[in-house]
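Now for the letters of each chain:
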Amino acid sequence: MSERTATPRRTSGDAPAKRSLTDRLQDTFSSAAEEHRANAGLREARGSRARRTPGRQPRRARLRLTRIDPWSVMKTSFLLSVAFGVVTFVAIFMVWSVLGAAGVWDSINSAVASIVEGDSGNSTFDVTDYVGMSRVLGFTLLVSVLDVVLITAIATLTAFLYNLAAALLGGIEVTLAEDEK
């Protein structure tokens, strides 16, 4: 038996009066709690690698990035470029909606009409025929789809090229260090 859990053996001559069940349970639980605290203290002393003593320098690890998985790069770049395309589409929609609500297109129409036709006011020019909401959003959607394809392809190609260069040159060396607290 370990010395923490060993109980002294009693001889028949010095047996004290029997204790109640609650006293025995309370003693058992208190000794178990003390043993748990002692074990937790040992575990903290052994396993606390992150804690530093005040005078010690932070640990450093030098690592080398020698390979990037092209499949992971492709999935990540596809997801990020789709998110970028959605953000672009929503931003253009918001800008065009604000410009329309502010009356910018009517102002442009009246300015062009006064310049081209003078005071006659018989203008058939409408700026929204050229830069209307549907045309601009269609163009934005087309550009976003092309960006998704191009960004995904370029990022994947870059991962392949990095792997080739890392095989020849050894990759990028990175030094990691602990936080100084």
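Here the structure is a predicted model, which means the values were calculated and not measured.

**Q** Any chance you could explain the packing of helix α2 (residues 70-102) against helix α5 (residues 133-169) here in plain terms?
**A** A pair of packed helices is characterised by two quantities: the angle between their axes and the separation of those axes. For the pair α2 and α5, the least separation of the axes is 8 Å and the interaxial angle reads 160 degrees. In terms of axis orientation, α2 runs roughly antiparallel to α5. Here the hand of the crossing between α2 and α5 comes out right-handed. Considered class by class, the residues forming the contact of α2 with α5 number 19 nonpolar, 10 polar and 1 charged.

**Q** Can you help me understand α5 in this one?
**A** Because an α-helix completes one turn every 3.6 residues, residues spaced three or four positions apart along the sequence face the same direction. The terminal C-alpha atoms of α5, which comprises 37 residues, lie 51 Å apart, in line with the 54 Å expected from a rise of 1.5 Å per residue. The set of residues buried in α5 consists of V136, L137, T140, S144, V148, T152, A155, T156, A159, Y162, N163 and A166. On the buried face of α5, the contacting elements are β1 (60-65), α2, α4 (128-131) and β2 (172-177). Of the residues trailing α5, G170 is marked for its positive phi of about 105 degrees.

**Q** Any chance you could explain the UniProt feature "transmembrane region" (unreviewed entry) in the chain here in plain terms?
**A** According to UniProt, the "transmembrane region" (unreviewed entry) feature falls on residues 77-99 and 136-162. Across residues 77-99, helical content stands at 100% and strand content at 0%; the span's end C-alpha atoms are separated by 32 Å. Along residues 136-162 the backbone is 100% helical and 0% strand, and the end-to-end C-alpha distance reaches 37 Å.

Criteria and thresholds
Residues numbered from 1 in each chain as written. Predicted model: local features only at pLDDT ≥ 70, side-chain atom pairs only at ≥ 80, totals over all residues. Heavy atoms only, no water. Axes fitted to C-alpha atoms, helices over the stretch in contact; angles between N-to-C directions. Helix = DSSP H or I, 4+ residues; strand = E, 2+ residues; numbered from the N terminus. Parallel < 35°, antiparallel > 145°, perpendicular 65-115°, else oblique. Left-handed = near helix turned anticlockwise from the far one by under 90°. Nonpolar A, V, L, I, M, F, W, Y, C, P; charged D, E, K, R; others polar. Expected span 1.5 Å × (residues − 1). Buried < 20%, exposed > 50% of the residue type's maximum accessible area, 1.4 Å probe, protein only. Contact = heavy atoms within 4.5 Å. UniProt positions renumbered as here; feature names shortened; annotations may be inferred.

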